Amino acid sequence: MSAQVGITVVNLSVLKNGRAEAARLSTLSRICDVLRCRPGDLITHAHTRPKEPPERS
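Everything quoted here is computed from the prediction, not taken from an experiment. (Residues numbered from 1 in each chain as written. Predicted model: local features only at pLDDT ≥ 70, side-chain atom pairs only at ≥ 80, totals over all residues. Heavy atoms only, no water.)

A. Region of interest: the overall build of the protein. When its secondary structure is counted, the protein shows four helices and zero strands. Starting at the N terminus and ending at the C terminus, the protein contains elements arranged as α-α-α-α. Against the globule reference of 10 Å for 57 residues, the protein gives a C-alpha radius of gyration of 16 Å, more extended than a compact globule. Dimensions of the protein along its principal axes, counting C-alpha atoms only, are 55 × 25 × 15 Å. In the protein, which comprises 57 residues, the proportion classed as buried is 14%. Counting only carbon and sulfur atoms, one obtains 52% of the accessible surface of the protein, whose full area is about 5,500 Å². Computed over 9 positive and 5 negative side-chain charges, the inter-centroid distance for the protein is 7 Å. (Helix = DSSP H or I, 4+ residues; strand = E, 2+ residues; numbered from the N terminus. Rg over C-alpha atoms; globule rule 2.2 N^0.38 Å. Buried < 20%, exposed > 50% of the residue type's maximum accessible area, 1.4 Å probe, protein only. Areas by Shrake-Rupley, 256 points an atom, 1.4 Å probe, with all protein chains shown as cover. Lys, Arg positive; Asp, Glu negative; His and termini not counted. Charge placed at Lys NZ, Arg CZ, Asp CG, Glu CD.)

Given below as structure tokens:
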């Protein structure tokens, strides 16, 4: 599948395992073309709290 999408196996694995901080829309589009799905089938959103600054002593 990585060859069909045009990215390396390592980068595809990073996306698959949720370790990517970002993904290009063009990559997402190609993945959807290969899998015949929509972006919403691949992406979920988990609400997280903003990080609080460390306390100063």
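B. Expanded view of helix H3 (residues 25–35). Buried within H3 are the following residues: Thr27, Leu28, Ile31 and Cys32. Down the axis of H3, the sector holding all buried residues measures 135°, keeping them to one side. Structural note: H3 exposes Leu25 and Asp33 on the side pointing more than 90 degrees away from its buried face. Backbone geometry just downstream of H3 places arginine 36 in the positive-phi region, at approximately 55°. (Arc of directions from axis to C-beta.)

C. The arrangement of the environment of alanine 46 in detail. Here alanine 46 lies in the segment after helix H4 (39–42). Using a relative accessible area of 59% as the deciding quantity, one classes alanine 46 as exposed. Separated by 28 residues in sequence, alanine 46 and glycine 18 have C-alpha atoms that sit 12 Å apart.

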